[in-house]
Amino acid sequence: MTSTPQSHPLLPELSEAVQSGLPTAISDLGRLVRIPSVSWDGFDPAHVAASADAVRALFEDLGVFDSVAVSTAPIDAERTGQPAVLATRAARNGKPTILLYAHHDVQPPGHDEDWDSAPFEPTVRGDRLYGRGAADDKAGVMAHVAAIRAFTEVVGRDFDLGLVIFIEGEEEFGSRSFSNFIVQHRDELAADVIVVADSDNWDAETPALTVGLRGNVTFKLTVATLEHASHSGMFGGAAPDAMLATIRLLSTLHAADGSVAVAGLTSREATTPDYSEERLAEEAALLEGVHPIGHGPVLSRLWDQPAITITGIDAPTVVNASNTLVPSVTVKVSARIAPGQSADDAFQALEQHLREHAPFGAHLTISDVDKGNPFLVDTSGWAVAEAKDAMAEAWGRTAIETGIGGSIPFIADLVEVFPNAQILITGVEDPDSRAHSPNESLHLGVFHRAILTEAVLLAKLEGRA
C-alpha cells in the first residue's frame, strides 16, 4: 500500500458521503439488474426501453442536469438503434466539462442451470453481488450516479463543472448506432474529459487505468462442398464433406503452440507487468493439466498480440446426427487485433488467408462482417494524472496502467469526433467478475472504491482553473 502525497481536502467528506450512500447505490443497482435488457436480435426490445427509462429516472432524480432524455439514432436507412440516455449540464466560469459513459444493455444470460442463482435476480453472496449486468455494465451506470450523489452532497448542486452523461443501450450488440448517435448529438456530447466506465481493475485491491485496447473483427464463415447431403457410407472417403473442410481450414489459423498463424496480422512490442501462467490458469479457469497457448509474456499475448476464436458453429447436433456427408457448415469467427493495426487491414489478412487455404476447392462465403479498431490512450494529458491521483486516494494504492484483451471499438469513434478530448478508461470489474459468463458478479468493495474515485475526480475537476 502506498500513501498519497497530498490528498484532496474534500476526501474525508466525500468518503463519508460515498459510504453512507452505498446501500442506496447497491439497492438501485439491484433494480437495474432485474431488468433483462439484452440488446441482441431475438430478445424483447421492450426490456431495453424499460432499462433506459429506469436509468433516465436515476439521473433526473439527481437534480443537477439542464436536460435528461432517452434518445435513439439510426443504424442505417431501415433500422433504429436501441435507446440511450443523454443528460447535460453546461459548464460555468471556465470550468471543464466531463462526459461519463457506461452502457445499460447486457449480454444474454445463457442457460439458467449454469447459474448458482437466477441471472436477473440480484443476489449477494459474501462480498459479491451476482447477476447479469451486475458488473458489466450496470455497475458502471451506478458508479456515475452514486459519485454525483456524493459529490453534490458535499459541494452542493450549484457547482460550475460541466457534466454530460451518455448511457448507451447497445454496446453488447456492437454499438451499431453509436457513430450516428455521437454525430447527431455532437454539441451535447462535447467534453474536455471522457470517462468510459467499462473496463476492469488489476485485482480487487488495486485500481487500474486502461491505456490499451485490442480491436476486433467478427464475421460468419460458411464452408460448402456439396449441393446436398449424401450418404456417408456410399460416398464417404471420396467426396469431401463440409465438416472435414471446415476443420482443416480452421486448423490453419493457429500454429502448433496455439498462437495466431495468419500472415498480415501484427503484434505490438510493449513492456507489460508481471503476470504468471499460474495466475492465468486460475483466473481463466483452466482445467487441471491444460496449459496456456501462445508465446511471450502472458500479458503480451492478452494485450499486444492478435487472437482468433471460433465462438459459434451451425452444424447438425449430435442428437440429430445422421449418416450423411454435411454439405455446408457455418462458423462465427472472432478475431482480436493488436494495437497498431487497423481493423480493415486485419480483415483483409484474414479473408486472404481463408481463401488461400480453403481445402478441396471448398466454396467460402463471408458475411455479417463487424469491425472495430484498437486504441491506445494518450497518457500525457493532465486528466490521466488527475485520474491516477484520484484512484490512489480512493484505493490507497497506486493505479497500474494496463491493457485489456477485449475491445471497445467505439472509443476510436469518440476520438475521431472529439479529437481534443482526453480519454480515461476505468471500470468496476475485477478478475473474478466473469463478465459475459454465468455467475457474473460485482465485488462490492471495488464498487465502493470506484464510486469514491469518481467523486474525488469530480471534485478535482471542479477545482481546476
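Everything numeric in this text was worked out from a predicted model, so none of it was measured.

Peer 1: Is there a simple way to explain the packing of aromatic side chains in this structure?
Peer 2: The full count for this structure, using the stated rule, is 11 aromatic pairs. Consider the rings of Phe151 and Phe159, whose centres lie 5.1 Å apart with planes at 70 degrees: the pair is edge-to-face. Each member of the pair, Phe151 as well as Phe159, is classed as buried. The interplanar angle of 75 degrees and the centroid separation of 6.3 Å between the aromatic rings of Trp202 and Tyr275 together place this pair among those described as edge-to-face. Placement of the pair is Trp202 in the loop between strand 7 (193-200) and strand 8 (208-213) and Tyr275 in the loop between helix 7 (242-251) and helix 8 (277-283), with a sequence separation of 73 residues. Judged by its relative accessible area of 14%, Trp202 is buried. Tyr275 gets classed as buried once you look at its relative accessible area, which sits at 14%. Aromatic rings pair up to connect Tyr101, Phe166, Phe178, Phe181 and Phe410 into one cluster.

Peer 1: Please clarify how empty space enclosed by the protein should be interpreted in this entry.
Peer 2: It is a probe the size of a water molecule, rolled over the atoms, that shows where empty space is left. Summed over all chains, the structure comprises 2 cavities of 30 Å³ or more. The computed volume of the largest cavity comes to approximately 160 Å³. Lining the largest cavity are 16 residues, with Thr426, Gly427, Ala450, Thr453 and Glu454 positioned closest to its centre. For the lining of the largest cavity, the secondary structure elements donating two or more residues are strand 7, helix 11 (382-395), strand 17 (422-429) and helix 13 (444-462). In the lining of the largest cavity, the residues fall into 11 nonpolar, 4 polar and 1 charged. Elements supplying a minimum of two residues to the lining of the second largest cavity: strand 6 (162-168) and helix 4 (178-184). Of the residues contributing to the lining of the second largest cavity, the split by class is 5 nonpolar, 4 polar and 2 charged.

Scoring rules and cut-offs
Residues numbered from 1 in each chain as written. Predicted model: local features only at pLDDT ≥ 70, side-chain atom pairs only at ≥ 80, totals over all residues. Heavy atoms only, no water. Phe/Tyr/Trp six-rings, centres within 6.5 Å; stacked < 30°, edge-to-face > 60°. Buried < 20%, exposed > 50% of the residue type's maximum accessible area, 1.4 Å probe, protein only. Helix = DSSP H or I, 4+ residues; strand = E, 2+ residues; numbered from the N terminus. 1 Å grid on protein atoms, 1.4 Å probe; cavity = no way out; pocket = protein on both sides within 12 Å on 5 of 7 lines; lining within 4 Å. Points joined across faces, edges and corners; volume = space filled by probe spheres on them. Nonpolar A, V, L, I, M, F, W, Y, C, P; charged D, E, K, R; others polar.

By themselves, these are just geometric observations and shouldn't be taken as functional.
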